[in-house]
Amino acid sequence: MILAIANQKGGVGKTTTAINLAAALAQKGFSTLLVDLDPQGNATLSYLDPEQLNLSVYEALVEENRTLKDAVHKTNIKMLDLVPARISLAKFESKLLGDIDSHFRLKDRLKPLSRDYQYIIMDTPPTLGLLTVNALVAASHLLVPIQSSYFALEGTDDLLETVEKIKARPNPTLEFLGVVITLHDKRTILGRDIRNHIKEVFGNKVFRTIISRSVRLEESPAYKESIFSFAPHSTGALEYYKLSEEVIGRV
Ligand code: ADP
Ligand code: MG
């Protein structure tokens, strides 16, 4: 499975979901690759120190005769590898402008790796630009984190429209795996209303597992750990573990 985690809104839990879902799958014994496609490199810095970085995804995507294999890094988590991003990735769009294969670059350069990993998880930037389009073209499945907030559904129309365009041509087999509600506060009436509203809009696409707001989830990247080693008994660990089971079950 090649899973793109996307939502053009920032701060909705894309990176938190990518790093912990990838860790959960690796911990279950699946060979897993996390690909950071956000120039901010938050997923990268959740597991690696800047000085540990060699080749990043940018060079692997733009330099001649390279594939993503050249940029694979090991992490401290057994079974989890990472293709890191640096701020240089922000140049990707202008670099590829006008190239005939600009939408397919990631798909092509990921191909040599697809047999090495059972799960490839891609974290994307908060835009619907060329990097996110490349992720959606390369992906077999899409997972959309939606923050449990009053403005939660703002912008999802644009995302779904982009997905339909990509399904129409470059990637007709792309499957919308589901929506995960994140940063949820189940104690408030507003939280409950928002959850119900998201369920009305997305129906059975909404994962049963809801990710609650939890300080532990916010803290773990600072210690270069997944939630499972940082706070194994926290609600965040339990919820991301359950989400990983649902993801496995939906394929
Ligand atoms: P995105 O990648 O969509 O921009 P992030 O995963 O980086 O979103 O989350 C935005 C901020 O919210 C980060 O500081 C992150 O640590 C925090 N965060 C994400 N999910 C949770 C959660 N369930 N509980 C508490 N904080 C969270
Ligand atoms: Mg992010």
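Look above for the structure.
Residues numbered from 1 in each chain as written. Chains lettered and ligands numbered in written order. Predicted model: local features only at pLDDT ≥ 70, side-chain atom pairs only at ≥ 80, totals over all residues. Heavy atoms only, no water.

**Q** So, the sheet that holds strand S5 (residues 119-123): which residues are in play, and what are the values?
**A** With mixed pairing, seven strands are arranged side by side in an open sheet as S3-S4-S2-S5-S1-S6-S7. The open sheet has two edge strands with one neighbour each: strand S3 (73-74) and strand S7 (175-182). Judged from the five bridges that link them, strand S2 (residues 32-36) and S5 form a sheet pairing that is parallel. Residue pairing in the sheet places Asp36 in a bridge with Asp123 of S5. (Pairing = 2+ DSSP bridges. Helix = DSSP H or I, 4+ residues; strand = E, 2+ residues; numbered from the N terminus.)

**Q** Any details on the environment of Glu219? Residues and values, ideally.
**A** Tracing the backbone through its elements, the reader meets Glu219 in helix H9 (residues 215-219). Relative accessible area serves as the criterion here: at 27%, Glu219 is assigned to the partly exposed category. Within polar-contact distance, the side chain of Glu219 engages the side chain of Arg216 at 2.6 Å. (Buried < 20%, exposed > 50% of the residue type's maximum accessible area, 1.4 Å probe, protein only. Polar contact = N/O pair within 3.5 Å; in protein donor to acceptor, adjacent residues only side chain to side chain.)

**Q** Would you mind going over the site of ligand 1 in detail, with residue names and values included?
**A** Residues in contact with ligand 1 amount to 14 residues; listed here are only the nearest, Gly11, Thr15, Thr16, Ser212 and Ser214. Residue Gly11 places a main-chain N or O atom 2.7 Å away from an oxygen atom belonging to ligand 1. Ser214 is positioned such that a nitrogen or oxygen atom in its backbone is 2.8 Å from a nitrogen atom of ligand 1. When isolated, ligand 1 has an accessible area of 550 Å², and the protein chains bury 80% of it. (Near = heavy atom within 4 Å. Areas by Shrake-Rupley, 256 points an atom, 1.4 Å probe, with all protein chains shown as cover.)

**Q** Residues and numbers for the pattern of salt bridges, please.
**A** A full pass over the atoms with the stated rule returns twelve salt bridges. With a closest N to O distance of 3.5 Å, Asp70 and Arg66 form a salt bridge. The shortest N-O distance in the salt bridge between Arg105 and Asp101 comes to 2.9 Å. Arg105 gets classed as buried once you look at its relative accessible area, which sits at 8%. (Salt bridge = Lys/Arg side-chain N within 4 Å of Asp/Glu carboxyl O.)

**Q** Go over the packing of aromatic side chains with me, naming the residues and quoting the values.
**A** Following the criterion strictly, the structure yields four aromatic pairs and no others. For the ring pair Phe30 and Tyr119, a centre distance of 5.1 Å and an interplane angle of 75 degrees mean the geometry is edge-to-face. Here Phe30 is found in the loop between helix H1 (14-27) and S2, whereas its partner Tyr119 is found in strand S5, with 89 residues between them in sequence. Under the relative-accessibility criterion, Tyr119 is labelled buried at 8%. On the numbers, 5.1 Å between centres and 65 degrees between planes, the contact of Tyr150 with Phe151 is edge-to-face. Here Tyr150 falls in the exposed class, since its relative accessible area comes to 65%. Judged by relative accessible area, Phe151 falls into the partly exposed class, the value being 49%. (Phe/Tyr/Trp six-rings, centres within 6.5 Å; stacked < 30°, edge-to-face > 60°.)

**Q** An account of the packing of helix H6 (residues 130-138) against helix H7 (residues 156-168) is requested, with residue identities and associated values reported.
**A** The angle between the axes and the distance between the axes are what describe a pair of packed helices. Closest axis-to-axis distance for the H6/H7 pair is 10 Å, and the angle between their directions is 50 degrees. With respect to each other, H6 and H7 are oriented oblique. Helix-helix and strand crossings are classified by hand; for H6 and H7 the assignment is right-handed. Every residue of H7 that contacts H6 at Val133, Leu136 and Val137 is listed here: Thr162, Val163 and Ile166. The residue makeup of the contact of H6 with H7, split by class, is five nonpolar, one polar and no charged. (Axes fitted to C-alpha atoms, helices over the stretch in contact; angles between N-to-C directions. Parallel < 35°, antiparallel > 145°, perpendicular 65-115°, else oblique. Left-handed = near helix turned anticlockwise from the far one by under 90°. Contact = heavy atoms within 4.5 Å. Nonpolar A, V, L, I, M, F, W, Y, C, P; charged D, E, K, R; others polar.)

**Q** So, the packing of H1 against helix H11 (residues 235-250): which residues are in play, and what are the values?
**A** Running from N to C, H1 and H11 cross one another at 75 degrees; their axes reach a closest spacing of 9 Å. Taken as axis vectors, H1 and H11 run roughly perpendicular relative to one another. Counting all contacts with H1, which are made through Thr16, Thr17, Asn20, Leu21, Ala24 and Leu25, the residues of H11 involved are Tyr240, Leu243, Ser244, Val247 and Ile248.

**Q** If you had to explain unusual backbone geometry to someone new, which residues and values would you point to?
**A** Its identity as a non-glycine residue notwithstanding, Asn65 has a phi of 60 degrees, on the positive side. Looking at the element boundaries, Asn65 is found in the loop between helix H3 (57-62) and S3. Despite not being glycine, Leu183 shows a phi value in the positive range, around 50 degrees. Tracing the backbone through its elements, the reader meets Leu183 in the loop between S7 and helix H8 (189-202).

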